[in-house]
Amino acid sequence: MNNFKIFISVILVLALSKSYAFSKDFIGVISAGIGEIINQDNKKLSTGSKIYFGDTIIVREKSSAQILLLDETALTVGEKSELTMDDFVYDPNTKVGKIVSNIKVGTVRIITGEISKQNPDNLEVKVPTGSVGARGTEFAVVTESDEKSTVVLLGPGKKNSLGMTPGILTVSDGFNSVNITTPGFQSVVFK
Amino acid sequence: MSQNFKKLIVFLSLSIFCIKPSIAEVTFLDILENPSDLEMNLTYAKEQESLGRYKATLSTLERLTMLYPVNTDLKLYLISILLKLDSEAKLQLMLETMLQDPNTTDETRQYIEKILTKIREQSETKDKGKWFAFADLSYMQTDHSNIDGVSKSGKLYSLDIIDDFDGMKYDKAYSRGASITVGKNLDQTSAFSLNTGFNINTQNKNTKRKLEGENDLVFGSLTYSKIFNKHYFMPYLFYSRPNQRHSLTADSNTKGVGFNNTYSLDNSTDITYGSSFSSTIFNMTGSNEEDKVDEGNNLTYSSNVGFNYTFSDINLISTKFSITKKDAENEYNGYLGRGLNVGYTRILPFGNLKIEKTYQRNIFDEKNTFIHSTIDREDDIETTQIQLSGRIIQLIPFMKKIDPEGLFFYNLKYNESDSESTLLQNSAIRETTSFNIIKRFSLYE
């Protein structure tokens, strides 16, 4: 009987904790990993590898990756790119949280998730020359060097047939900021 | 108790395992655990689409196309979502990538070609016939160090005799203006715009009479622009009519035509060239009827050729050579001028800084015997200009709260002109410092 209770209790704990099976620092996964992808410890990452708070993701030449965060933000990382997840806090119940991602070099395309939907100010993408804030949108960041980054708004556009709010990007160089409201338009941020 | 407890525990356990599948077939947590499972992810994408969560559909399909690059059905599904999202730039990029992919079948290629053609047609019609309009209100204040152009020596020639040059040196001038611009994008490569407005130009009231430089200026221009391959063409017509306030100064009007074209050699190098012709005619309305005001009438021809080079994306070096021929009714007012301008522009966080130097040599057609009967007039003018322009929010970030679109513009300009002339009265140093602020109102776009 005691064994049965223990068995049932273990089952219950396991079942109840299914949704919370990830450690506190777990923030997402490499949802697609093509080629050579490593983290800051030089550990090889592949499709399904977990991403933790503070991780640096390095995507080598002729490689690409998609990172899926817990709030459903998706980052598609091109070859020769490096980014760090500087901050990630997310409450799946209220869908409130904060993301700070630091793109050091390379090309990253971002589809915003729940955190940005709840409060656009809570998604910040840092680049060496400034930062990008996004509302309900998809955008790409190309960081060529410490001196120059290009930010492109990809969508959705004003004429989308899905009733979605058109995307808006706020690009800042630390002194000034500009809004991009038309898909296909870009802003170049210099140091 | 123990039997009931067992039943309760077993029931709860089963419930916990069963509840989730009944809410949705595939959850986001399932995707996190199985991001590469084609069937599960495709089901998830479709479910999310039916729930109106298109971004989840988009990221899922993008992932699947990365993991299964030869699966054309996935790509076509992704294309259909991008079409609905109006993500034209991304769609075009993806379609063109698919066209280059050897795995794309002929049937799919034909389908893609059709979509690309449709996008291009839509894009052409989107910009075609699109009107735009905006209005500008401007205010400018200029400090003059030598508004009357008093000569360096303080002397002038008059009928061969050296006399004192009495004139005002320091003064302030003010200009308030309004203009409206209406235009239309004819297609993706061409547009025209019509600009018309007025300026009220006054000087400091340190004299009771109206000053010679004061006027109400009405102006207008019609501009057409066209991009053709590497060429940018911009022909224009212009008109201006100052209504002079000074009682002895006759009014005039100037009409002109010209073009400013640019040819791009590559991404960083441009050749610019332009030409203009203008005609200025004075009205016989000067109060001083003894003055033959039509003697001021002139025709002016001007041409220039220049070279621009951009480096590090934020620096521009430019140089321009110009030649001007002014044919005046009175030939002593006519001249042939040659000029060389070199400039450097840099984009700064708070605006665009431009530093220019211009050397101009004007050789006048005839002696003005009212001034001097034997000296031909030749002027060598060296001009230095430093200019900072941009949006007010670049200077004062908190202005963004009242000007979120950045439609307040500023321009700070310092100009020094040092003229050496064979005639005493035309050797002068003039300095001006001006501040200009413009508020733009977008009326239609």
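Bear in mind the structure is a predicted one, so any value in this text is a computation, not a measurement.

K.L.:
How should I be thinking about the overall build of chain A in this particular structure?
P.N.:
Each helix and strand in chain A was counted, giving two helices and 16 strands. Per-residue burial for chain A yields a buried fraction of 40% across its 191 residues. The contacts of chain A with a sequence gap of at least 6 include a subset with a gap of at least 24, amounting to 47%.

K.L.:
Would you mind showing me how to read the overall build of chain B here?
P.N.:
Per the secondary structure count, chain B includes eight helices and 17 strands. Burial analysis of chain B (445 residues in total) assigns 14% to the buried set. Counting contacts in chain B only where the partners sit at least 6 residues apart, residues at least 24 apart contribute 54% of the total.

K.L.:
Sorry if this is basic, but what is going on with the nonpolar core here?
P.N.:
The tendency in soluble globular proteins is for nonpolar side chains to be buried side by side. Grouped together as the largest cluster of nonpolar side chains are 61 residues, with contacts concentrated most on Ile57, Ile67, Phe139 and Val141 of chain A. The biggest single contributor to this core is helix α5 (residues 72-85) of chain B, with six residues. Dropping the residues within four chain positions of it, isoleucine 67 of chain A is found in contact with Gly28, Ile30, Ser31, Ile51, Ile57, Leu75 and Val77 of chain A.

K.L.:
How do you make sense of the environment of glycine 406 of chain B when you look at a structure like this?
P.N.:
Residue and element names in this part refer to chain B. With respect to the helices, strands and loops of the structure, glycine 406 is situated in the loop between α8 (392-395) and β16 (408-421). Note on glycine 406: 18 C-beta atoms within 10 Å, which makes it partly exposed. For the pair glycine 406 and arginine 440, spaced 34 residues apart in sequence, the C-alpha separation works out to 9.1 Å. With residues near it in sequence (within four places) discarded, glycine 406 still touches Arg391 and Ile393.

K.L.:
Explanation requested: the packing of helix α3 (residues 38-50) of chain B against helix α4 (residues 54-67) of chain B in the structure shown.
P.N.:
Packed helices, taken two at a time, are described by the angle their axes make and the gap between the axes. All names here are of chain B. Axis separation between α3 and α4 bottoms out at 7 Å; the angle between their running directions is 155°. Of the possible angle classes, the one that applies to α3 and α4 is roughly antiparallel. For the element pair α3 and α4, the recorded crossing hand is left-handed. Between α3, through Leu38, Asn41, Leu42, Tyr44, Ala45, Gln48 and Glu49, and α4, the contact on the second element is made entirely by Tyr54, Ala56, Thr57, Thr60, Leu61, Arg63 and Leu64. Within the contact of α3 with α4, the residues separate by chemical class into eight nonpolar, four polar and two charged.

K.L.:
Whenever I open this one, the pairing of strand β11 (residues 298-311) of chain B confuses me. Can you help?
P.N.:
If a strand is regular, its side chains alternate between the two faces of the sheet. Residue and element names in this part refer to chain B. Two elements, strand β10 (residues 269-282) and β11, share 12 bridges in a ladder whose sense is antiparallel. Bridge pairing in β11 links glycine 274 to asparagine 304. In this antiparallel pair of consecutive strands, β11 and strand β12 (residues 315-328), the connection spans three residues, and serine 312 shows a positive phi of 55°.

K.L.:
Even after reading the chapter, I still don't get the packing of α4 of chain B against α5 of chain B, so can you show me in this structure?
P.N.:
All names here are of chain B. Where α4 meets α5, the closest approach of the two axes is 9 Å, and the angle between their N-to-C directions is 150°. Here α4 runs over α5; the crossing is left-handed. The residues of α5 that touch α4, namely those facing Tyr54, Thr57, Leu58, Leu61, Glu62, Leu64 and Thr65, are Leu74, Lys75, Tyr77, Leu78, Ile81 and Leu85.

K.L.:
Quick question: what am I supposed to make of the confidence of the model for chain B here?
P.N.:
Close reading of the predicted structure is inappropriate where its pLDDT is low. Residue and element names in this part refer to chain B. Looking at chain B, pLDDT values average 85 and 88% of them are 70 or higher. Element-level pLDDT for chain B is lowest in helix α1 (residues 2-23), with a mean of 48, against a maximum mean of 96 in β16. Low pLDDT, under 50, characterises residues 11-23; the predicted model gives this stretch seven contacts beyond four residues in sequence or across chains. We note a pTM of 0.64 for the whole complex and an ipTM of 0.84 for its interfaces.

K.L.:
Help me out: how do you make sense of α3 of chain B in this one?
P.N.:
Owing to its 3.6 residues per turn, the α-helix aligns residues three or four sequence positions apart on the same side. Residue and element names in this part refer to chain B. Relative to the 18 Å expected for 13 residues at 1.5 Å per residue, α3 spans 18 Å between its end C-alpha atoms, a close match to the ideal helical length. Inspection of α3 places Asn41, Tyr44, Ala45, Gln48 and Glu49 among the buried residues, and these make up the whole buried set. Take α3 and look down its axis: the buried residues cluster within an arc of 130°, on one side only. Of the exposed residues in α3, the ones pointing more than 90 degrees away from its buried face are Glu39 and Ser50. Close packing links the buried residues of α3 with α2 (28-33) and α4. Taken from the residues just after α3, glycine 52 is the one with a positive phi, measuring 80°.

K.L.:
Whenever I open this one, helix α6 (residues 88-100) of chain B confuses me. Can you help?
P.N.:
All names here are of chain B. In this model α6 runs 18 Å from its N-terminal to its C-terminal C-alpha over 13 residues, within 8% of the 18 Å that 1.5 Å per residue would give. Taken together, the buried positions of α6 are Glu88, Lys90, Leu91 and Met98. In an axial view of α6, the angular spread of the buried residues amounts to 160°, which keeps them on one side of the axis. Turned more than 90 degrees away from the buried face of α6, the exposed residues are Glu96, Thr97 and Gln100.

K.L.:
I'm lost on the pairing of strand β1 (residues 26-34) of chain A in this one. Help?
P.N.:
All names here are of chain A. Counting buried positions along β1 yields seven of nine residues, so the element is predominantly enclosed. Here β1 pairs with strand β4 (residues 50-52) via three bridges, running antiparallel. Following the sheet pairing, valine 29 is matched in β4 by lysine 50. Note: β1 against strand β6 (residues 64-69), six bridges, orientation antiparallel. Its bridge partner lying in β6, glycine 28 is registered against leucine 69.

K.L.:
Explanation requested: unusual backbone geometry in the structure shown.
P.N.:
A negative phi angle is the norm for most residues apart from glycine, just as the trans form is the norm for most peptide bonds. In this structure, lysine 80 of chain A takes a positive phi of about 50° despite not being glycine. For lysine 80 of chain A, the location among the structural elements is in the loop between β7 (74-77) and β8 (81-91). The residue aspartate 160 of chain B is not glycine, and still its phi comes out positive at about 70°.

K.L.:
Could you clarify how one ought to interpret the environment of lysine 172 of chain B in this entry?
P.N.:
Residue and element names in this part refer to chain B. With respect to the secondary-structure elements, lysine 172 resides in strand β4 (residues 171-185). Here the alpha-carbon distance between lysine 172 and threonine 432, two residues 260 residues apart in the chain, equals 9.3 Å. The contacts of lysine 172, once residues within four sequence positions are left out, are Gln141, Thr142, Asp143, Gln203 and Asn204.

K.L.:
Before we go on, may I ask you to explain the confidence of the model for chain A in this structure?
P.N.:
Looking at chain A as a whole, the pLDDT averages 82, with 83% of positions reaching at least 70. Residue range residues 10-23 of chain A is modelled with pLDDT below 50. Its contacts to residues more than four positions away, or to other chains, number eight contacts.

K.L.:
What is the right way to read the environment of serine 264 of chain B from this model?
P.N.:
All names here are of chain B. Structurally, serine 264 can be placed in strand β9 (residues 252-264). Residue serine 264 is classed as partly exposed on the basis of its 15 C-beta neighbours within 10 Å. In this structure, the C-alpha to C-alpha distance between serine 264 and phenylalanine 307, residues 43 residues apart in sequence, is 9.9 Å. Among all residues touching serine 264, those that are not within four sequence positions of it are Lys230 and Asp270.

Thresholds applied
Residues numbered from 1 in each chain as written. Chains lettered and ligands numbered in written order. Predicted model: local features only at pLDDT ≥ 70, side-chain atom pairs only at ≥ 80, totals over all residues. Helix = DSSP H or I, 4+ residues; strand = E, 2+ residues; numbered from the N terminus. Buried ≥ 20, exposed ≤ 12 C-beta atoms within 10 Å, placed from the backbone. Contact = placed C-beta atoms within 7 Å. Core = buried A, V, L, I, M, F, W, Y, C linked by C-beta atoms within 7 Å. Axes fitted to C-alpha atoms, helices over the stretch in contact; angles between N-to-C directions. Parallel < 35°, antiparallel > 145°, perpendicular 65-115°, else oblique. Left-handed = near helix turned anticlockwise from the far one by under 90°. Nonpolar A, V, L, I, M, F, W, Y, C, P; charged D, E, K, R; others polar. Pairing = 2+ DSSP bridges. pLDDT = per-residue confidence, 0-100. Expected span 1.5 Å × (residues − 1). Arc of directions from axis to C-beta.

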